[in-house]
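This is what each chain is made of:
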Amino acid sequence: MENNKIGNYRWVICGLLFFGTTINYLDRQVLSLLHPILEEEFGWTNSDYGMITSIFQLSYAFFMLLAGRFVDKLGTKKGYAIALVVWSLGAIIHAYAIPIGEASVQFLGILGFGGLSISVTGFIVARLVLGMGESANFPAAIKATAEYFPKKERALATGIFNSGSNVGAILAPLTVPWLAHYYGWQSTFVIIGSLGFLWLVIWLIFYDKPEQQKRLSKEEYTYIQSDTVYDINPVDEKKEKISWLKLLKFKQTWSYTIAKFLTDGVWWFFLFWLPSYLKNQFNLSGSEITLPLSVLYTMTMVGSIGGGWLPMYFMNKNTSPYDGRMRAMLIIAFIPLSVFLVQPLSDISYWIPVLLIGLAASAHQAWSANVYTTVSDMFPKAATASVTGIGGMAGGIGGALFSFIVGKTFDYYMAIDNLNFGYTLVFSVCAVAYLIAWAIMKLLVPKIKIIKIEEIRD
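What you see is a predicted model; the values in this text were computed from it and never measured.

Asks: Whenever I open this one, the overall build of the chain confuses me. Can you help?
Replies: Within the chain, the regular secondary structure consists of 17 helices and zero strands. Taken against the 2.2 N^0.38 rule, which gives 23 Å for 458 residues, the C-alpha radius of gyration of the chain at 21 Å falls within 12% of a compact globule. Taken over the C-alpha atoms alone, the chain extends approximately 60 × 45 × 40 Å along its principal axes. Each of the 458 residues in the chain was classed as buried or not, and the buried ones make up 58%. Of the contacts made within the chain by residues no fewer than 6 positions apart, 85% connect residues no fewer than 24 positions apart. Counting 34 positive and 30 negative side-chain charges, the chain places the averaged centre of each group 11 Å from the other.

This is how it looks when you write it as C-alpha cells:
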C-alpha cells in the first residue's frame with residue numbers, strides 16, 4: 001500500500017535496463033551458437049575460436065574502463081544511447097566478416113603483419129566493435145540503478161535488470177539456430193543486431209535523471225533519496241572530475257576489481273563454450289541444443305533475482321548492508337562447487353551436466369547482482385560508473401585470459417584424445433573461483449567504509 005502511495009516509476013526504469021541488458025547479451029551470444037556452423041565452414045580450431053572470444057573480452061575490458069568515465073561525464077541517458085548504437089552496428093557487421101577480413105588482412109600485410117586467416121581476422125574486427133559498445137551497458141545500468149533506487153533496493157533492482165542477460169541467453173538458442181537454418185548465418189547477425197534500435201527509441205522517450213523526470217512523483221523522488229546524501233549538486237554531477245588514480249588507492253576499488261577478475265571468466269566460459277561442449281561431449285548441435293540451453297539459462301534468471309533478494313533477508317534482520325551482502329555472497333560462493341560433479345556424472349545423461357552447470361551459472365548471476373551493488377554502496381554516485389568500469393576491465397581481462405587458456409587446453413587434450421580431462425580441469429577452476437574471490441574481498445574490506453566525493457576528486 002505504501003509503495004502505491006509513493007509510486008513505482010523506478011521499476012519502469014528497471015524494466016528498461018532489463019530489456020537493454022537482454023539485447024546486450026542476445027547480441028554477444030549469437031557467435032557462440034553459430035560457432036559449430038562457422039567452425040565447419042571456415043575450418044577453425046579451438047584456439048582460433050578462443051582467439052576471437054578473447055579479443056572480444058579484451059575490447060570489452062579496455063573500453064569498459066573508458067565507458068565508465070564516458071557515462072559519468074556524458075550522463076546515463078546519452079551515454080547508454082550512444083553505446084547501444086555502437087554495439088548494434090558491431091553485431092550487424094559480423095555478417096560482413098569475410099570482406100572485412102579481406103581488407104584487414106591486406107592492410108596488416110602492408111604493415112608487415114600476417115598469420116591470421118581472413119575469416120578469423122574479420123570476426124576479430126567485428127568483435128572489437130561489439131565489445132567497444134557493449135562495455136558501457138553495465139556501467140550505465142549500475143549508474144541508473146544508483147540514481148533511481150535507495151540502497152536497500154539496489155541489489156534487487158540489479159538482480160532484476162541483470163537477469164536480462166539470462167533472458168538474452170535463453171532467447172538466443174530459441175531464435176539463432178532457426179534464423180540460421182532458414183536465412184543463413186549472415187542474416188542472423190543482421191536481424192538480431194537490429195533489435196537494439198527499437199529499444200533505443202523507448203529509452204530516449206522514458207529515461208531522464210530523477211530530478212528531471214516529469215513522470216516521477218515527489219513522494220517517490222523523496223523515497224529514492226531517503227538514504228542518500230548528494231555529495232554535489234545532482235544537476236552538476238556529470239561535470240565532476242573523478243580521479244582514476246585516486247580510485248585505485250582504495251581497497252574498496254580493489255575488492256570489487258579482483259572479484260570481477262577472478263569470476264567473470266567463469267561466466268564467459270559458460271556463455272561462449274557451452275554449445276561446443278554439448279557438441280563435443282554429447283554430439284548435440286543445431287536445434288538439439290535449444291532445450292538444454294534454454295533450461296540452463298532459465299535457471300540463471302532465477303539465480304539473478306534470488307541473489308538480489310538474499311541480502312535483503314539479512315538486512316531485514318538488522319544486519320548492516322555490507323555484512324548482509326557478504327553473508328549472501330559467501331552462501332552463493334559455495335554453489336559453484338557443484339560443477340566438480342559435471343564430468344564424473346556426464347555418462348548418465350547430458351541433462352546432469354546441463355543442470356549442474358545451470359546451478360553454477362545461476363550462482364554467478366546471484367553473485368554478480370551483489371558484486372555490482374557493492375560499488376554503489378561504497379562510492380558516491382558520481383564515481384559509480386568509473387569504478388564499475390575499472391572492475392569491468394579487470395573482469396574482461398580475466399575472461400580473455402581464461403578463454404585463451406581454455407582454447408589452448410582443449411586443443412592440447414583433443415590432440416592426445418583426452419578432451420574429457422581437459423573439461424575436468426576447466427570445470428574445477430570454475431568451481432573454486434568464487435570462494436577465493438570472496439576471501440580476498442573480505443580480507444581487503446572486512447568492514448564497509450563509504451568513500452566521500454572529496455577523497456576522489458581529480
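Here the narrative resumes, following the displayed structure.
Asks: What am I meant to see in the confidence of the model for the chain here?
Replies: A low pLDDT means the predicted coordinates there should not be read in detail. When pLDDT is averaged along the chain, the result is 86; 94% of the residues meet or exceed 70. Element-level pLDDT for the chain is lowest in helix H1 (residues 2-6), with a mean of 60, against a maximum mean of 96 in helix H9 (residues 185-206). Here residues 229-238 is a poorly scored stretch, pLDDT under 50, and it has 24 contacts once near neighbours within four places are set aside; other chains count.

Asks: I would appreciate a short explanation of the packing of aromatic side chains in the present structure.
Replies: The geometry of an aromatic ring pair is captured by two quantities: the separation of the ring centres and the angle between the planes. This model, assessed by the stated rule, comprises 45 aromatic pairs. Ring geometry for phenylalanine 56 versus tryptophan 268: centroids 5.6 Å apart, planes at 75 degrees, classification edge-to-face. One end of the pair, phenylalanine 56, is in helix H3 (residues 46-74); the other, tryptophan 268, is in helix H12 (residues 251-282), and 212 residues separate them in sequence. Ring geometry for phenylalanine 269 and phenylalanine 270: centres 5.9 Å apart, planes at 50 degrees, overall tilted. Neither residue differs from the other here; phenylalanine 269 and phenylalanine 270 are each classed as buried. Every member of this aromatic cluster is reached through a ring pair, and the members are Tyr49, Phe269, Phe270, Trp273, Tyr277, Phe282, Tyr350, Trp351, Phe402, Phe410, Tyr423 and Phe427. For arginine 28, the ring lying beneath its charged end belongs to tyrosine 25, and the centroid distance is 4.0 Å. Over the ring of phenylalanine 56 we find arginine 127, and its NZ or CZ is 4.7 Å from the ring centre.

Asks: Explanation requested: the environment of threonine 45 in the structure shown.
Replies: Considering the arrangement of structural elements, one finds threonine 45 in the loop between helix H2 (9-42) and H3. Along the primary structure threonine 45 and aspartate 377 are separated by 332 residues, whereas in three dimensions their C-alpha atoms are 44 Å apart.

Asks: Can you walk me through helix H8 (residues 151-183) in this structure?
Replies: Because the α-helix completes a turn every 3.6 residues, residues three or four places apart line up on one side. The end-to-end C-alpha separation of H8 is 46 Å, in line with the 48 Å expected for 33 residues at 1.5 Å each. Of all the bends in H8, the greatest reaches close to 35 degrees and is centred on alanine 172; the proline proline 173 follows between one and four positions later. Where H8 ends, the next residue or the one after it, glycine 184, has phi of about 95 degrees, a positive value.

Reading the values: rules and limits
- Residues numbered from 1 in each chain as written.
- Predicted model: local features only at pLDDT ≥ 70, side-chain atom pairs only at ≥ 80, totals over all residues.
- Heavy atoms only, no water.
- Helix = DSSP H or I, 4+ residues; strand = E, 2+ residues; numbered from the N terminus.
- Rg over C-alpha atoms; globule rule 2.2 N^0.38 Å.
- Buried < 20%, exposed > 50% of the residue type's maximum accessible area, 1.4 Å probe, protein only.
- Contact = heavy atoms within 4.5 Å.
- Lys, Arg positive; Asp, Glu negative; His and termini not counted.
- Charge placed at Lys NZ, Arg CZ, Asp CG, Glu CD.
- pLDDT = per-residue confidence, 0-100.
- Phe/Tyr/Trp six-rings, centres within 6.5 Å; stacked < 30°, edge-to-face > 60°.
- Lys NZ or Arg CZ within 6 Å of the ring centre and 35° of its normal.
- Expected span 1.5 Å × (residues − 1).
- Bend = angle between axes of the 7 residues up to and from the residue.

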